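Residue-level structural notes
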Amino acid sequence: MSDLEAPLRPKRKKIWVDYFVQFRWIIVIFVVLPISFTIYFLTYLGDVRSEWKSYKTRQKEHDENVKKVIKRLKQRDPSKDGLVCTARKPWIAVGMRNVDYKRARHFEVDLSAFRNILDIDRERMIARVEPLVNMGQISRATVPMNLSLAVVAELDDLTVGGLINGYGIEGSSHKYGLFSDTVVAYELVLADGTLVRATKDNEFSDLYYAVPWSQGTLGLLVAAEIRLIPIKEYMKLTYKPVVGNLQELAQAYCDSFAPRDGDQDNEEKVPDFVETMIYTPTEGVMMTGRYASKEEAKKKGNKINSVGWWFKPWFYQHAQTALKKGEFVEFIPTREYYHRHTRCLYWEGKLILPFADQWWFRFLLGWLMPPKVSLLKATQGDAIRNYYHEMHVIQDMLVPLYKVGDALEWVHREMEVYPIWLCPHKLFKLPIKTMIYPEPGFELHRRQGDTQTAQMYTDIGVYYAPGPVLRGEVFDGAEAVRKLESWLIENHGFQPQYAVSELSEKSFWRMFDASLYESVRKKYGAVGTFMSVYYKSKKGRKTEKEVQEAEQAHLETAYAEIDQPE
């Protein structure tokens, strides 16, 4: 693998921020963890209280809250007030990118009451929920019914609204697509205060297709109807170790869920869940799961592993044991499997609390984990925040399945980040071109994993401190992100907007398609009321003047006229 050798970099001099980050665990243990646990507990009590209410009561409260939102929007004076934003504090979002656009003058609309599960319809197999319902809350309600959302993102705190307007994926996405692909209907309040219900086949179908990835810049989401699927009590999980170079690891990953004969929609050949973790440039563990009944799991000789207990080894470290003991199978309670990465935040917990994976910490204080990401952000300050932007990588690369090997080699050369998370997802060919879309003509190539209706993509999760940083070498985080974004544009890949981005506006609209988004913004009056998605995602502080000038440019010309790559 000599061609993958990372360049040697000069040593970097430590500054005061390095020492603060090194000993940040003190603040995390004595401040962040106790407050996080208290918030989790109070939130749980609130969820239980909500579940006790009748459907009629929850619906009545929802209708009243929608009326308040409409009334608030109609109070806005466009000539005096800033652009519309939700009233959530900038640090509350789970993503690493701070919500800098809220530093400019803005008109707040409070959506904090929209955190209830409104209905679970067993006949239609639909869950109707408000946007602040999170994954932990909804899995706690549905799993005991042997039901689940088709796509349940791993971290408990991720909300329905964030996953719809931004980006959501799970190990079942190779069957169902991204989180937004499982939504049947959106209920939105538009710029003029009109409440609409958008589906793929009603008069608001253009709005329905434009909402995903729009970051709440088309209207205010107040409810969503999401597809449910039947499930069983356990996940039968197979851990398969693979050794080889990065291209060989990528091929083994493809083979774990994509039949080489192209029979991708065959339930007998394709597992229910897929996940791979690459631990080194030569070692990875492929995991595939199938739902299993309680009776099957408890048969003699089967191993049941309740990974959700606070004292258990962190999931990614448990999976890594397959590299030593070989392939093995175990049964995990379904809800615990869904949220397997929550307690250790994938492997970020190791950087936040270097000893939190040790048996004594897990036993004594593991019940306090995880720290809330929002509190970590609230206690970091600008200096620490900038340090993480430069010395830390939290990025997801969405790339065509057949390019995974090339992407892994690129990440190794430029960043040397391990472990790496691999999770496949279908990118559907839709009747209208949305912000993200498959490669033109993909269905003609018959590549592994592709079907006539969808191209198979993969999320390559790159989360951790890069190798050069761990070795004390100079590392330019901003330049690395710029290179990553250029590589994605050249290879028809996409970058979720929660991440820190260095893209210019022109490059942003080379990565994403603007045509539907901009036409919908104009049609439904979002221009001049809600900030454009690029400006909302843009790194750095925004002044009121910058925001107003950017919106004025959108009022004067259709940004959809920007040349798009063929």
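Within every chain, residues take consecutive numbers counted from 1 along the sequence as written. Restriction of local features to residues with pLDDT of at least 70 applies here, the model being predicted, together with a cutoff of 80 or more for giving and counting side-chain atom pairs; totals for whole chains, interfaces and linings are based on all residues. To get the side-chain values, all heavy atoms of the structure are used, and hydrogens and water are removed first.

**Overview of the overall build of the chain**
Threshold: In this text, helices come from DSSP runs of H or I with a minimum length of four residues, and strands from runs of E with a minimum of two, each type numbered from the N-terminal end. The rule is simple: take the accessible area with a 1.4 Å probe, protein chains only, and divide by the maximum for that residue type; under 20% is buried, over 50% is exposed, in between is partly exposed. Accessible surface area values rest on a Shrake-Rupley calculation with a 1.4 Å probe, where residue burial reflects the displayed protein chains alone. Charge assignment in this entry is limited to Lys and Arg as positive and Asp and Glu as negative, and neither His nor the chain termini are counted. Just so you know, the charge point we use is NZ for Lys, CZ for Arg, CG for Asp and CD for Glu.
Within the chain, the secondary structure is distributed over 24 helices and 15 strands. Along the three orthogonal principal directions, the C-alpha set of the chain runs to about 65 × 60 × 60 Å. By residue count, 58% of the 566 residues in the chain fall in the buried class. Counting only carbon and sulfur atoms, one obtains 54% of the accessible surface of the chain, whose full area is about 24,100 Å². The positive charge centre, built from 76 side chains, and the negative charge centre, built from 74, are 5 Å apart in the chain.

**Some words on empty space enclosed by the protein**
The condition that has to hold: With a 1 Å grid spanning the protein atoms alone, the term cavity applies to any set of points in which a 1.4 Å probe fits but cannot get out, the term pocket to an open set with protein on both sides within 12 Å along at least five of seven lines, and the term lining residue to any residue with an atom within 4 Å of a point. Grid points are joined across faces, edges and corners, and a volume is the space filled by probe spheres set on the points. Any residue that is not Ala, Val, Leu, Ile, Met, Phe, Trp, Tyr, Cys, Pro, Asp, Glu, Lys or Arg is counted as polar, Gly included; the first ten are nonpolar and the last four charged.
For the structure shown, the criterion picks out five cavities of 30 Å³ or more. Here the second largest cavity defines a volume of roughly 80 Å³. Lining of the second largest cavity is provided by twelve residues; of these, Gln-495, Ser-501, Leu-503, Phe-508 and Ser-537 occupy positions nearest its centre. Partitioned by chemical class, the residues of the lining of the second largest cavity number six nonpolar, four polar and two charged.

**Quick notes on the packing of aromatic side chains**
Counted only if it meets this: Under the pairing criterion, centres of Phe, Tyr and Trp rings, with the six-membered ring standing for Trp, must be within 6.5 Å; the plane angle then separates stacked pairs below 30 degrees from edge-to-face pairs above 60, leaving the rest tilted. Placement of a positive charge over a ring is assigned whenever Lys NZ or Arg CZ falls within 6 Å of the ring centre and within 35 degrees of the normal to the ring plane.
Tallied over the full model, the rule gives 32 aromatic pairs. Between Tyr-208 and Tyr-209 the ring centres are 5.2 Å apart and the planes differ by 80°, which places this aromatic pair in the edge-to-face class. Each member of the pair Tyr-208 and Tyr-209 is classed as buried. Ring centres of Tyr-437 and Phe-494 lie 6.2 Å apart, and the angle between their planes is 70°; on these two criteria the pair is classed as edge-to-face. You can see Tyr-437 sitting in the loop between β14 (420-428) and α18 (442-445) and its partner Phe-494 sitting in the loop between α20 (477-490) and α21 (505-511), a full 57 residues away along the chain. Per residue, the accessibility class of Tyr-437 equals that of Phe-494, and both read buried. In this arrangement the basic side chain of Arg-72 is found over the ring face of Phe-107, its NZ or CZ atom lying 3.9 Å from the centre. Above the ring of Tyr-337, the side-chain terminus of Arg-340 is found at 4.1 Å from the ring centroid.

**Quick notes on unusual backbone geometry**
Cis geometry marks the peptide bond from Met-369 to Pro-370; its omega dihedral reads 5°. Along the polypeptide, Pro-370 turns up in the loop between α14 (359-365) and α15 (373-378). Following Tyr-418, the chain continues to Pro-419 via a peptide bond in cis, the omega torsion being 0°. Counting through the fold element by element, Pro-419 comes out in the loop between α17 (404-414) and β14. Its identity as a non-glycine residue notwithstanding, Gln-215 has a phi of 60°, on the positive side.

**Quick look at the state of the cysteines**
Our working rule: Our working definition of a disulfide is a cysteine sulfur pair at a distance within 2.5 Å.
Here the structure, examined in full by the defined rule, presents zero disulfides. Unpaired in terms of disulfides, Cys-344 finds its nearest cysteine sulfur in Cys-423, a separation of 16 Å. Cysteine Cys-423 is unpaired, with the sulfur of Cys-254 as its nearest cysteine sulfur at 13 Å.

**Points about the environment of Pro-144**
Structurally, Pro-144 is set in the loop between α4 (135-142) and β5 (147-149). Residue Pro-144 is classed as exposed on the basis of its relative accessible area of 65%. For Pro-144 and Phe-30, which are 114 residues apart along the polypeptide, the C-alpha to C-alpha distance reads 35 Å.

**Observations concerning the packing of helix α8 (residues 246-255) against α17**
Selection criterion: Angles shown run from 0 to 180 degrees and are taken between the N-to-C directions of axes, each axis being a line fitted to C-alpha atoms and, for helices, limited to the stretch in contact. These descriptions rest on fixed angle ranges, namely under 35 degrees for roughly parallel, over 145 for roughly antiparallel, 65 to 115 for roughly perpendicular, and the rest for oblique. Handedness of a crossing is defined here by the sense of rotation of the near helix relative to the far one, left-handed for an anticlockwise turn of less than a right angle and right-handed for a clockwise turn. We call two residues in contact whenever any of their non-hydrogen atoms come within 4.5 Å of each other.
At a minimum axis distance of 8 Å, the contact between α8 and α17 shows a crossing angle of 140°. The angle between α8 and α17 places the two elements in the oblique class. Crossing of α8 over α17 shows right-handed handedness. Residues Leu-246, Gln-247, Ala-250 and Tyr-253 of α8 touch α17, and the partners they reach there are Val-404, Gly-405, Asp-406, Leu-408, Glu-409 and His-412.

**With respect to the nonpolar core**
Selection rule: To form a nonpolar core, buried Ala, Val, Leu, Ile, Met, Phe, Trp, Tyr and Cys residues must be joined to one another through side-chain atoms within 4.5 Å.
Counting residues in hydrophobic clusters, the biggest one holds 148 residues, and the most contacted among them are Leu-207, Tyr-239, Met-397, Met-415 and Ile-460. Once you skip the residues sitting within four places of it in the chain, Met-415 turns out to touch Val-393, Trp-410, Val-462, Pro-466, Gly-467, Pro-468, Phe-475, Ala-480 and Leu-484. Counting residues in each nonpolar core, the second largest holds 15 residues, with Ile-70, Leu-73, Leu-111 and Phe-530 among its members.

**As for the side chain of Arg-340**
Note the following rule: Any pair of nitrogen or oxygen atoms within 3.5 Å is treated as a polar contact; in protein, a donor-acceptor pairing is required on top of that, and neighbouring residues in sequence qualify only through side-chain atoms on both sides.
With respect to the helices, strands and loops of the structure, Arg-340 is situated in the loop between α12 (334-338) and α13 (349-352). Within the local environment of Arg-340, its side chain forms a polar contact with the side chain of Glu-154, the two groups lying 3.5 Å apart. Reaching out from Arg-340, the side chain makes a polar contact with the backbone oxygen of Tyr-337 at a distance of 2.8 Å. Beyond its immediate sequence surroundings of up to four residues, Arg-340 is in contact with Glu-154, Glu-170, Glu-275 and Phe-315.

**Quick notes on the UniProt feature "transmembrane region" (unreviewed entry) in the chain**
Applied cut-off: UniProt positions are given in the numbering used here, feature names are shortened, and annotations may be inferred rather than shown by experiment.
Per the UniProt record, "transmembrane region" (unreviewed entry) is found at residues 21-45. Helix makes up 92% of residues 21-45 and strand 0%, with an end-to-end C-alpha separation of 34 Å.

**Structural notes on the domain arrangement of the chain**
Heads up, the rule is: Residue ranges for the domains trace back to a domain assignment, done automatically or taken from a database. Reported buried area values correspond to the accessible surface (1.4 Å probe) lost by two parts on association, with both partners' losses combined.
Per the domain assignment, the segments of the chain are domain 1 (55-228), domain 2 (232-339) and domain 3 (384-499). Look at where the C-alpha atoms of domain 1 and domain 3 centre, and you get two points 26 Å apart. Counting from both sides, the interface comprises 23 residues of domain 1 and, opposite them, 24 residues of domain 3. Interface area, domain 1 with domain 3, both sides summed: about 2,000 Å², of which 66% is carbon and sulfur. Between the two partners, domain 1 and domain 3, sit five residue pairs in polar contact (both at pLDDT 80 or more). Sort the elements by how many residues they give to the side of domain 1 that touches domain 3 and helix α6 (residues 173-176) lands first, with four residues.

**Thoughts on the pairing of strand β2 (residues 106-109)**
A regular strand places its side chains so that they alternate between the two faces of the sheet. Inclusion rule: Note: two strands are recorded as paired if DSSP finds a minimum of 2 bridges between them.
Of the two faces of β2, only the one carrying Phe-107 and Val-109 is buried; His-106 and Glu-108 on the other face are not. Note that strand β1 (residues 83-86) and β2 share four bridges and pair parallel. Bridging across to β2, Thr-86 finds its partner in Val-109.

**A word on the sheet that holds strand β12 (residues 328-333)**
Reading across the sheet, the seven strands line up as β12-β9-β11-β10-β14-β15-β13 and stay open at both edges, with antiparallel pairing between neighbours. One side of each edge strand has no neighbouring strand; the edge strands of this open sheet are β12 and β13 (393-400). Averaged over all pairs of adjacent strands, the angle between their axes in this sheet comes to 25°, without regard to strand direction. Direction of pairing for strand β9 (residues 234-243) relative to strand β11 (residues 283-292): antiparallel, over a ladder of ten bridges. When the bridges of β11 are listed, Val-243 appears paired with Glu-283.

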